[in-house]
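Structural overview
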Amino acid sequence: MVDSVIIIQPPLVQLNAPYPSGAYLSAFFRSVAADGISPSPGEPAVRPPAPLSVRWIDAANGFFRAFFSRDALVRLFGLCGDDALSAASLAESRGDGETAFQLRRCVSSSDSWIRWIDPIVSILCGGDRELCHAFVRSPDAPRGARMDRYLASLGEEPTADHARTLATLALEDVADFVAVAFDPEFSLVRYAESIASSVRDFSVVEAALSRPVVERFMRPYFETLCEGLRGELPGSDGVGQDGGAGRTLFCISVPFPGCLVGALCLARSVRAAFGPRAVISMGGGYVNTELRQCENERFFSYIDHLSLDRGYGGYASFFLREWGATVEPSAARPVDGVSPAPLRIECPPELRGLEDGYTTRLVPDYRDVDFSLYPRLADTENPMHRLWSDGAWMKAYLAHGCYWHRCSFCDVTLDYIKSYLPVEVAALYDGLAAQAAAKGVRGIHFVDEAAPPRALRDFAARNALAGNPLAFWGNIRFEKTFSRDLARYLSAGGLVGVSGGIEIATPAGFKAVDKGIDLENLVATCAAFKEAGVLVHAYLMYGYWNETDADVVDSAEVMRQLFASGLVDSAFWHKFVLTRHSRAYAEWKSRPLSRDCAHSPACGGSRDGAGAGGIVPVDIPGDFADNDLDFSGSSRSERYTAPLDHALAAWMSGDGLDRPVRSWFPYRMPEPSVGATLIEGYIERYGRARDESAREAYRPDGDYRWTATRPVGCGANGLVWWNLGDEVRIDASDAERRAILEAVEPCRAGGPAKGPALARLSPAAFRALREHGLVRISPL
């Protein structure tokens, strides 16, 4: 009988905050432990026969702290110091003097790196200010190439204020050394990502378990972790709480390909430490997209189950079966010689309502997390980019799935996109606010596919009522619902940044991917957020199957204009990847078989190659990860990568915004067909519409909110307040001054403005308020 659950996030993922899947599973399993499982509404709950213990371990953070430590660097330099010097000599013989210099300096400074690595991590985790002074000033502190470039760019003597940036770069310099001298698959936030990404041959992934970082550092860390768990679990003497052999369900999350190798190493260590007492399940985004059809026997020698999609219904079915409350599943195999069990843990149809209930009600549970152990990285000066790495955000979602779920490139056939379910915002807010107060972490990162505007509004409203204790940001769709009023209200309620997909930034591009927005919507939304002081990040795409040089240039020109106009703070280009679960592939599959093309590789092996606007998928045989597909002509777009990245890096720094966009390409490209003032024109139209809305008369049914500071008297007949940092002064009669103060007073506690008082204002006074702090929230 399973009497304990351990949820583990393996390395490597982003360093500054825990990945949220563990928090949601922790909340789910603790709910099961406390309340049991009600298979259907009205049925009594089936309860665990014995107490069920639940624990969440962030081994990604644990491994980070183990690897970037004094003991680990002693081992690292002992293992690869001589190899690094040999690599330096080889680099020098090839004319690469810079690499030779950096390798020799790092080995020569190994004692300094060993002495300073713990203080460097402490600085990033909020350590003593004295360490900051010492680190930036000490001539004996280690230095690397990235640190050198940063110090040279300062133009002044470094101070303690520069310590966190310097410490971040120190970690990156160590990671660079590891990648060059010890293990090229290593980086700060992922391991062997290129190996795991849609690899069809599992033996390639399995071979990575013998690579240096895994064998010398990751495996010993997991062995130590498992040894500690053996003594802590119920029934550590081999007898479970029910008198039998207690078993433990290990839930291993694999959100990205860069933590698959770590997950397999962890699973191997768990199996070695716990033997048949361990029931090992693997889930997460990588599993859901890449491994749904996997039957590889070698892979299943590491784990017992794949948990698909949300997991709640599947694990509920698992425990009901454990407790003897369900029939045997159809697709099963023996596990530990005890009884058949399914290879895949999926939500059965009869538990879909149960799963949906958990999805909307659960509040992620961060009780097992010590946020002081997470580094706050200062890896860029771009304020929007910093949100991803700077700050120990508690991550949550306002809705499962995407309310649009129509983009042609997206995995619209999978549950995480197609099954749209908004959460109960009040319960989510109250739960997160309580944990924020307990943990001393005030930031929330919403990791939705696209956060619903209504849910964002309601979350901001509750935050305002509570006195704005939380700051939050997250993914959205750039749609017209985000008006000037709503953007300002969200900003006043704690929103600091939004990220969203622009993809192909042209009218034709929006239609090609069925984005559901147009360029005018995009500009209006970005302008509304920027006026409200909210940071904006854009996801961009190139390499679409029918993309031309003209399409690329036009998209880049639109982005140049968006940056030049100050509507976007940061962005990232993604190369289009055709996936097996995308709408584009589903449409290609739906085309009828062609006799002439049924067995032709050029037609994807089975169907007419003219599907989905001309895409010709090319499948690759294998028995492991299978989501990413190649397609005919995919390599044509590779030449765009470097020019687009260089242009974007410059624009995000405010450079090159007047440079002709096609000059970034080292080969001939067409002139943009996009007008040079296209975005300016849309901004002007937005401004006219904004001003017109501010001139509207008072509406008795309107939900008005005050987002500026409290108006105070100024002179004999004046009022003054500050809106978005700007001073606002108006002259008004005594009656109007009293009406204004009466109207906005309830807003100081987060409530709506008082309508009868607003109704007494003259049109001029009401307009002054509408232009400088009074917003009307439309029903959504």
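Above this text is the structure in question.
Counting starts from 1 at the beginning of each chain's written sequence and moves along it residue by residue. With the structure being a predicted model, the display of local features is reserved for residues of pLDDT at least 70 and the display and counting of side-chain atom pairs for 80 or more, all residues being used for whole-chain, interface and lining totals. Note that water and hydrogens are dropped before the side-chain values are worked out from all heavy atoms of the structure.

1. Observations regarding the overall build of the chain
When you go through the chain residue by residue, the secondary structure sums to 29 helices and 24 strands. The buried label goes to any residue with under 20% of its type's maximum accessible area, the exposed label to any with over 50%, and the partly exposed label to all in between, with areas taken from a 1.4 Å probe on protein chains only. In the chain, buried positions account for 57% of the 780 residues. In the chain, 74% of the contacts between residues at least 6 apart in sequence involve partners at least 24 apart. The Shrake-Rupley method, run with a 1.4 Å probe, gives the accessible areas here. Residue values count only the displayed protein chains as cover. Counting only carbon and sulfur atoms, one obtains 51% of the accessible surface of the chain, whose full area is about 31,800 Å². Averaging the coordinates of the 81 positive side-chain charges in the chain and doing the same for the 99 negative ones gives two points 3 Å apart. Runs of E in the DSSP output that reach at least two residues are strands. Runs of H or I that reach at least four are helices, and both are numbered from the N terminus. Residues are treated as being in contact if the distance between any of their heavy atoms lies within 4.5 Å. Counted as positive: Lys and Arg. Counted as negative: Asp and Glu, with His and the chain ends omitted from the count. A charge is said to be at NZ when it belongs to Lys, at CZ for Arg, at CG for Asp and at CD for Glu.

2. Regarding the pairing of strand β2 (residues 53-58)
For two strands to count as paired, DSSP must find a minimum of two bridges between them. Here six bridges tie strand β1 (residues 2-9) to β2, and the two strands are oriented parallel to one another. Each bridged residue has a counterpart across the sheet, and for I8 the counterpart in β2 is I57. A clockwise path from the first strand over the helix to the second, with the strands pointing away from the viewer, defines a right-handed crossover. With helix α1 (residues 21-35) bridging β1 and its parallel neighbour β2, the resulting β-α-β unit is right-handed.

3. Quick look at the nonpolar core
If you look at soluble globular proteins, the nonpolar side chains tend to sit buried side by side. Counting residues in each nonpolar core, the largest one holds 107 residues, and the members touching the most others are F29 and M559. Beyond its immediate chain neighbours, meaning those up to four positions away, F29 contacts V5, I7, L52, V54, L249, C251, Y315 and F319. Think of a nonpolar core as a cluster: buried Ala, Val, Leu, Ile, Met, Phe, Trp, Tyr and Cys residues, connected wherever their side-chain atoms sit within 4.5 Å. Core analysis: the next-biggest nonpolar cluster, separate from the first, contains 104 residues, L76, V174, F186 and I280 among them.

4. Considerations on the environment of P617
For P617, the position within the fold is in strand β18 (residues 617-618). Note on P617: relative accessible area 3%, which makes it buried.

5. Topic: the packing of aromatic side chains
What counts as a ring pair is set by centres within 6.5 Å for rings of Phe, Tyr and Trp (its six-membered ring), and what kind of pair is set by the plane angle: stacked under 30 degrees, edge-to-face over 60, tilted for all other angles. Applying the stated rule across the entire model yields 51 aromatic pairs. Ring geometry for F182 and F217: centres 5.9 Å apart, planes at 80 degrees, overall edge-to-face. Of this pair, F182 sits in the loop between α8 (163-181) and α9 (193-196) while F217 sits in helix α11 (residues 212-232), and the two are 35 residues apart along the sequence. On the accessibility criterion, F217 (4% relative accessible area) is buried. Their ring planes at 90 degrees and their centres at 4.9 Å tell us that F446 and F459 sit as a pair that is edge-to-face. Residue F446 is located in strand β12 (residues 443-446), and its partner F459 is located in helix α19 (residues 453-465); the two are separated by 13 residues in the primary sequence. In terms of burial, F446 and F459 fall into one category: buried. Of the aromatic side chains, those joined through ring pairs into one cluster are F63, F64, F67, F68, F182, F186, F217, Y221 and F222. Geometry around F135 places R143 over its ring, the cationic atom sitting 5.5 Å from the centre. In this arrangement the basic side chain of R361 is found over the ring face of Y358, its NZ or CZ atom lying 5.7 Å from the centre. Whether a charge sits over a ring comes down to the Lys NZ or Arg CZ being within 6 Å of the ring centre and within 35 degrees of the ring normal.

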